[in-house]
Amino acid sequence: MLEVKDLHVTVEDKVILKGLNLTINAGEVHAIMGPNGAGKSTLSAVIAGKDGYEVTQGTILFEGQDVLEMEIEERARAGLLLGFQYPIEIPGVKNIYLLKAALNAQRAARGEGEIPAPEFMKLVREKSTDMKMDPSFLQRAVNEGFSGGEKKRNEILQMLILQPKLAMLDEIDSGLDIDAMKVVADGVNSLRNADRAILLVTHYQRLLNHIVPDHVHVLVDGRIVKSGGKDLALELEERGYDWVLEESVA
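Residues numbered from 1 in each chain as written. Predicted model: local features only at pLDDT ≥ 70, side-chain atom pairs only at ≥ 80, totals over all residues. Heavy atoms only, no water.

Visitor: Which parts of the structure should I look at to understand the overall build of the protein?
Guide: Counting its secondary structure elements, the protein contains 9 helices and 12 strands. Over its C-alpha trace the protein gives a radius of gyration of 18 Å, about what one expects of a compact globule, namely 18 Å for 250 residues. Its C-alpha atoms give the protein principal-axis dimensions of about 60 × 40 × 35 Å. In the protein, which comprises 250 residues, the proportion classed as buried is 48%. For the protein, the proportion of contacts with a sequence separation of at least 24, taken over those separated by at least 6, is 68%. Here the protein has roughly 12,100 Å² of accessible surface; of this, 49% comes from carbon and sulfur atoms. Counting 28 positive and 39 negative side-chain charges, the protein places the averaged centre of each group 5 Å from the other. (Helix = DSSP H or I, 4+ residues; strand = E, 2+ residues; numbered from the N terminus. Rg over C-alpha atoms; globule rule 2.2 N^0.38 Å. Buried < 20%, exposed > 50% of the residue type's maximum accessible area, 1.4 Å probe, protein only. Contact = heavy atoms within 4.5 Å. Areas by Shrake-Rupley, 256 points an atom, 1.4 Å probe, with all protein chains shown as cover. Lys, Arg positive; Asp, Glu negative; His and termini not counted. Charge placed at Lys NZ, Arg CZ, Asp CG, Glu CD.)

Visitor: Explanation requested: the packing of aromatic side chains in the structure shown.
Guide: The way to describe two aromatic rings as a pair is by their centre distance and the angle between their planes. In total, this model carries 1 aromatic pair according to the counting rule given. Ring geometry for F137 against F146: centres 4.8 Å apart, planes inclined by 80 degrees, an arrangement best described as edge-to-face. Each member of the pair, F137 together with F146, is buried. One cation-aromatic arrangement involves R140 over F137; the distance from NZ or CZ to the ring centre is 4.7 Å. (Phe/Tyr/Trp six-rings, centres within 6.5 Å; stacked < 30°, edge-to-face > 60°. Lys NZ or Arg CZ within 6 Å of the ring centre and 35° of its normal.)

Visitor: Looking at this model, I keep getting lost on helix α4 (residues 117-130). Mind explaining?
Guide: Quick reminder: α-helices carry 3.6 residues per turn. Residues three or four places apart thus point the same way. In a regular helix each residue adds 1.5 Å, so 14 residues correspond to 20 Å; α4 covers 20 Å between its end C-alpha atoms and thus fits that length. Taken together, the buried positions of α4 are occupied by F120, V124, K127 and S128. Along the axis of α4, the buried positions cluster into a sector of 105 degrees, meaning they face one direction only. Projecting away from the buried face of α4 at angles above 90 degrees are the exposed residues P118, K122, R125 and T129. Turning to α4, the residues buried within the fold contact α3 (95-109) and α5 (148-162). The first or second residue beyond α4 is K132, which carries a positive phi of 55 degrees. (Expected span 1.5 Å × (residues − 1). Arc of directions from axis to C-beta.)

Following this line, the structure appears as structure tokens:
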């Protein structure tokens, strides 16, 4: 589904990614871990097409398509979704309008008509209930006045409505209490299937207790230096990153 080869990325003339390689197959959940400043968030931002990142070398293919040749909206319509670590507020735009516009844009890209209003309302109410969000949130401006946990639930609500092929979640667990993390994790887990892949960027093993990954990668200084199964995250929790850093230098 996703193939990243020899990816080099700079931000404001600072080299962040230095030859990163990653392959994600449909049906898999991958977790990216690593120390601060390693480039974890940069990876997902570049794949999604966020401004401010310059790819100086390498390729990113999504289902065989050259992602770097696609506009941001083309990537979204193709099935890429990025859940932000710090979701932005959009004053004046109601949550429900954003969800409907995004879903209909996606349907139009597939050659489908707009979703009928009753069907849309049934869908959005059902998914809001899954995320334990009060229906009033649908009528409020996107993320405006939301707590940190409410913003994260809203990100997952968007994901549940849009059903992306590849969901990239950038530290979706930051700022969540235990109850909110469980709700968010349940939402993510409900999307796991053989046709979809999920990329999690996280600092903490605790999220991976709820969303158990198939593969764990350690990103250090712009490169993935170690990969393994879910047990690797447990080892990182216990031993920290120093031993991985030592191995990568040796």
